[in-house]
Amino acid sequence: MLRLAPRIDDVAAAHRMFAAIAAVSNEVAVFAYLDHERRLLAMRHSTARDAMSVRLPIRQVAADAIAFDAAALVMAHNHPSGDLRPSDADVAATRTLDRALAALDVALLDHLVVTRSGVASFRLLGLL
């Protein structure tokens, strides 16, 4: 029997997909590439060089979006500190990624900050 990839229809579905990164002791970013029906095509991880920051590899994310023929993307990163608030750097990098993906006709659906205590959605916070 053919199993379809999971659909990412809301923040709860995305949080379930990214929940495991809450327990990681250094920052990690995860990118989920989705088709037109919001079904998962592929995922990539970017790990931090230090405990409290992760580089947002915009060129690689864009190249992957093209390679996977993605229509949309959801990203998440953890805050090992437990603070759910996106930093100014998080917001700036997300807006840069959103513009880069829009030029490729790929929608950045959301960026989640994941901690052991919960999840914060850039979309729901009005930051995206």
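Structure report, in brief. (Residues numbered from 1 in each chain as written. Predicted model: local features only at pLDDT ≥ 70, side-chain atom pairs only at ≥ 80, totals over all residues. Heavy atoms only, no water.)

## A closer look at helix 1 (residues 11-18)
Within an α-helix, residues lying three or four positions from one another point in the same direction, as the helix has 3.6 residues per turn. Within helix 1, the full set of buried residues consists of Ala 13, Ala 14 and Phe 18. Along the axis of helix 1, the buried positions cluster into a sector of 125°, meaning they face one direction only. Along its buried surface, helix 1 packs onto strand 1 (28-34), strand 2 (40-47), strand 3 (72-78) and strand 4 (107-115). (Buried < 20%, exposed > 50% of the residue type's maximum accessible area, 1.4 Å probe, protein only. Helix = DSSP H or I, 4+ residues; strand = E, 2+ residues; numbered from the N terminus. Arc of directions from axis to C-beta. Contact = heavy atoms within 4.5 Å.)

## Side note on the sheet that holds strand 4
Strands sit in the order 2-1-3-4-5 across an open sheet of five strands; the sheet is mixed. Every interior strand has two partners, whereas the edge strands, strand 2 and strand 5 (118-121), have only one. Going across the sheet, the axis of each strand differs from the next one's by a mean of 20°, ignoring polarity. Relative to strand 5, strand 4 is paired through four bridges, and the arrangement is antiparallel. The residue of strand 5 that forms the bridge with Val 113 is Ala 120. Sheet strands in contact with helix 3 (residues 88-102) are strand 1, strand 3 and strand 4, and its direction is about 155° off that of strand 4. (Pairing = 2+ DSSP bridges. Axes fitted to C-alpha atoms, helices over the stretch in contact; angles between N-to-C directions.)

## Some words on the nonpolar core
Phe 18, Val 74 and Val 114 are the most contacted members of the largest nonpolar core, which has 15 residues in total. Those elements that place two or more of their residues in this core are helix 1, strand 1, strand 3 and strand 4. Examining the composition of this core, we find that four residues originate from one element, strand 1, more than from any other. Contact partners of Val 74, with chain neighbours within four places excluded, come to Ile 8, Ala 14, Phe 18, Val 30, Phe 31, Ala 32, Leu 34, Leu 109 and Asp 110. Counting 13 residues, the second largest nonpolar core, distinct from the first, contains Ala 29, Phe 31, Met 75 and Leu 97. (Core = buried A, V, L, I, M, F, W, Y, C linked by side-chain atoms within 4.5 Å.)

## Overview of the environment of Phe 31
You can see Phe 31 is positioned in strand 1. Under the relative-accessibility criterion, Phe 31 is labelled buried at 2%. Spatially, the C-alpha atoms of Phe 31 and Ala 42 are 8.3 Å apart, while their sequence positions differ by eleven residues.

## Some words on the side chain of Thr 115
Tracing the chain through its elements places Thr 115 in strand 4. We classify Thr 115 as buried; its relative accessible area is 3%. Separated by 3.0 Å, the side chains of Thr 115 and Ser 117 make a polar contact. With sequence-adjacent residues up to four places away left out, Thr 115 is seen in contact with Ala 22, His 79, Gly 82, Asp 83 and Leu 84. (Polar contact = N/O pair within 3.5 Å; in protein donor to acceptor, adjacent residues only side chain to side chain.)

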